[in-house]
Amino acid sequence: MGKPHDPVAPSGAITDLPDAAIELGERFRGAGFQLYLVGGWVRDHFLDRTGGTELDLATDAVPQETVKVLRGWAERRYLTGVRFGTVGARRGDVAVEITTFRQEVYPDDERKPNVTFARDIETDLSRRDFSINAMAIRLPEGEFIDPFSGLKDLAAGRLDTPLEPETAFSDDPLRMLRAARFVAQLHVEPADRVIEAIGRMRSRLSIVSSERIREELDKLLLGERPARGLQILVETGLAEEFLPELPDLQLEQDPVHQHKDVLRHTYAVVEGCEPDRDLRLAALLHDIGKPRTRRVTPDGVQFHHHELEGARMATERLRALRYPNHVVEDVARLVELHLRFHGYGDGWSDSAVRRYVRDAGPLLDKLNQLTRADVTTRNPFRARQFRALQDELEERIASLAEKENLDAMRPPLDGNQVMTHLGIPPGPIVGEALDFLMEVRLDRGPIAEEEAYKLLDEWAAERGLGGT
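Keep in mind the model is a prediction, meaning the values are calculated, not measured.

> I'm lost on helix α9 (residues 210-221) in this one. Help?
Given 3.6 residues per helical turn, the α-helix brings residues three or four places apart onto the same face. An ideal rise of 1.5 Å per residue puts 16 Å on twelve residues; α9 measures up with 16 Å between its terminal C-alpha atoms. All buried positions along α9 are accounted for by Ile213, Arg214, Glu216, Leu217, Asp218, Leu220 and Leu221. Residues of α9 that are buried make contact with α7 (174-186), α10 (226-236), α11 (239-242), α12 (262-272) and α13 (277-285).

> Got a minute to help me understand unusual backbone geometry in this structure?
Note: most residues except glycine have negative phi, and most peptide bonds are trans. For the bond running from Leu139 to Pro140, omega is 5 degrees, close enough to zero to count as cis. For Pro140, the location among the structural elements is in the loop between β8 (136-138) and β9 (143-145). Phi at Ser149 takes a positive value of approximately 55 degrees, unusual for a residue other than glycine. Structurally, the position occupied by Ser149 is in the loop between β9 and α5 (150-156). Classification of Ser149 by relative accessible area gives partly exposed; the value is 36%. The phi dihedral of Arg322 falls on the positive side, at around 65 degrees, and the residue is not glycine. Position of Arg322 relative to the elements: it lies in the loop between α15 (306-320) and α16 (325-337). Given the relative accessible area of 49%, Arg322 is considered partly exposed.

> Any chance you could explain the environment of Val353 here in plain terms?
Looking at the secondary structure, you find Val353 in helix α17 (residues 350-360). Take Val353: its relative accessible area is 0%, and that puts it in the buried class. Sequence separation between Val353 and Leu442 is 89 residues; the distance between their C-alpha atoms is 8.8 Å. The residues contacting Val353, other than those within four sequence positions of it, are Trp348, Leu393, Arg396, Ile397 and Leu400.

> Sorry, what's going on with the packing of α15 against α16 here?
Two packed helices can be described by the angle between their axes and the distance between those axes. With their axes 8 Å apart at the nearest point, α15 and α16 run at an angle of 160 degrees to one another. One way to sum up the angle between α15 and α16 is to call them roughly antiparallel. In this structure, the crossing between α15 and α16 has a hand that is right-handed. Note on element contacts: α16 touches α15 through Val328, Val331, Ala332, Val335 and Glu336, opposite Glu307, Leu308, Gly310, Ala311, Ala314, Thr315, Leu318 and Arg319. Its residues assigned to classes, the contact of α15 with α16 shows eight nonpolar, two polar and three charged.

Reading guide: rules and limits
- Residues numbered from 1 in each chain as written.
- Predicted model: local features only at pLDDT ≥ 70, side-chain atom pairs only at ≥ 80, totals over all residues.
- Heavy atoms only, no water.
- Helix = DSSP H or I, 4+ residues; strand = E, 2+ residues; numbered from the N terminus.
- Expected span 1.5 Å × (residues − 1).
- Buried < 20%, exposed > 50% of the residue type's maximum accessible area, 1.4 Å probe, protein only.
- Contact = heavy atoms within 4.5 Å.
- Axes fitted to C-alpha atoms, helices over the stretch in contact; angles between N-to-C directions.
- Parallel < 35°, antiparallel > 145°, perpendicular 65-115°, else oblique.
- Left-handed = near helix turned anticlockwise from the far one by under 90°.
- Nonpolar A, V, L, I, M, F, W, Y, C, P; charged D, E, K, R; others polar.

Spelled out as structure tokens, the structure:
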């Protein structure tokens, strides 16, 4: 997708507002309170990206008063954010968060903001993260309010803060990471003063929870320009605060010919993958083992087993960022396997193809995509050669899958059949027998049950075990 169209300032009241916003505006006005539509919906309205069913609203009503106004309108109300001035509600498929005008400041050693309420919308907007998010629409009238020239910045593709960047980033240090996320998502570039402030204040990110950092990283990776967002993190030094493995990739692969460094290669691989969170995480981390395994030899630079070291490092980093276990395991597995295909050019047997499919398991399609994206050569011949090999492997997988049902690859006998046939109790020997039968299955393809029993007898005889 290209750069969004240039936003145009409204000549009058904004009329194409969500029905829920208008209804709530009338309810709050009837109760004697102000209500404004703020945040992402307003920004995206001018980027022609409207259509979301999650609305952020700001009011001069305190939470207790907001709860009363919502009575009879909301099907559900959510009060977990009340201590921060926010009341959540849902009606049908529309979710709203209504927050009392506020300013929030993190004490130097605290992770939770100390919230104080403001008296007017202008003060509230002044304490928001960026000017493009500091626009509001008065409800239900539709009057547009833009005290910090957010629309002008949006049109210019500029990311700036309403007040001094130091004020915005002190209020919530996560906003420094959010700046890189918006760069990835919205085709904007940070103002110089924003970049400089992030460089000076980056250590403040330490008071932000890992969970909040993880959420912003996910959004950055799923943006349209993740490489540019990642560049901002490295250039400002912010990545060193939560993802030091990324700037560590600034090393030349070949000190003689000075081929592209691993960091720029990583950017290209991330953007070469579809916007799938786990896949782009694997692309981001696939080469992080290179700095620790880098060796200069007479034959050039080598990164022996960097995929194994990278898988270990990826596990540690993702756990530190509090990713769910299944995400950690899947991403680490993709990192570990991302070089497996490079032996295919030596000529793989059907057995090798089956093992590739077995080892990838449900990650097969993501592994294939990561493998393709990992080739960033500018040599047209090498690029065509690699694509042809990848196409051939995928066609062979499809052919074998059609004939052999690769998705259901398992030993031709189960544990009960092994124990009954050999007359042995449960134990390690049963597992060894199943491993043997699985290896034969991988080598030969599908095996009939009668043949499987013969193979089992031969295996047992070599170990002095009796069969039936």
